[in-house]
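# Examining the three-dimensional arrangement
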Amino acid sequence: GQQVMQIPQYQHVQEGEDFTTYCNSSTTLSNIQWYKQRPGGHPVFLIQLVKSGEVKKQKRLTFQFGEAKKNSSLHITATQTTDVGTYFCAGRWGNNRLAFGKGNQVVVIP
Amino acid sequence: GAGVSQSPSNKVTEKGKDVELRCDPISGHTALYWYRQSLGQGLEFLIYFQGNSAPDKSGLPSDRFSAERTGGSVSTLTIQRTQQEDSAVYLCASSSRDTQYFGPGTRLTVL
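Computed from a predicted model, the values in this text were never measured in an experiment.

## Regarding the interface of chain A and chain B
The accessible area lost on association of the parts is a frequent measure of interface size. At the junction of the two partners, chain A supplies 15 residues and chain B supplies 17 residues. Each partner contributes to the roughly 1300 Å² buried at the junction of chain A and chain B, and carbon and sulfur atoms together form 51% of this total. Summed over the three residues of chain A that lose the most area to chain B, namely H42(A), R97(A) and F100(A), the buried surface amounts to 39% of that side. For the pair chain A and chain B, the interface holds two salt bridges. Where R92(A) meets D98(B), a salt bridge forms, and the shortest distance between an N and an O atom there is 2.5 Å.

Put into structure tokens, the structure is as follows:
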């Protein structure tokens, strides 16, 4: 079935630095969502991107949807310890169900 | 209203026993998903219910796994003859207009 690939799978980030996590599909997506799962918690919805080239910001988080609607990125600036967790992207193709990537596990080094 | 709830929060069982995990979705949500997550791993899709349509069971790992959704609301995931490799956190999510709202999960330990 269709799937989204997330890279990298793991990241160690120094507190205060910026980092980016990526999500790629081989075929055009209808939309893409991002979720965050804190250690010991459950995934929580962050954002949905629908339009080609769309960019959305939430404080230090910037989400982008590629022009071809095949890739997306999440960029976090000035990383804080509260940013620790696993970031999942989830893609939808047509009317199919949402499919989650394997996640990017982020460790923040104080 | 309340979010998605799951019960029990923890379940310890012996190999070979059957278990039932319950999910109470957000009222009015037509879509319901079950996922399995092993420690430090991603979300493994199990089954998807959408309204009155036939469920998408394509993620169920074996015929020991089954799920029902009664009256378009509460769902039960049943695992028969549990094996040690079934140990994981089982997450339920309900959805309205695409966004998935996850429950806290049931941690299943098979001894």
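## A look at the pairing of strand 3 (residues 19-25) of chain A
Residue and element names in this part refer to chain A. Most of strand 3 is tucked away: five of the seven residues are buried. Note: strand 1 (residues 4-7) against strand 3, four bridges, orientation antiparallel. Considered in strand 3, the bridge of V4 is made with S25. Here strand 3 pairs with strand 8 (residues 71-76) via six bridges, running antiparallel. Note that in strand 8 the partner of C23 across the bridge is S72.

Rules and cut-offs
Residues numbered from 1 in each chain as written. Chains lettered and ligands numbered in written order. Predicted model: local features only at pLDDT ≥ 70, side-chain atom pairs only at ≥ 80, totals over all residues. Heavy atoms only, no water. Contact = heavy atoms within 4.5 Å. Buried area = accessible area lost by both parts, 1.4 Å probe. Salt bridge = Lys/Arg side-chain N within 4 Å of Asp/Glu carboxyl O. Buried < 20%, exposed > 50% of the residue type's maximum accessible area, 1.4 Å probe, protein only. Helix = DSSP H or I, 4+ residues; strand = E, 2+ residues; numbered from the N terminus. Pairing = 2+ DSSP bridges.

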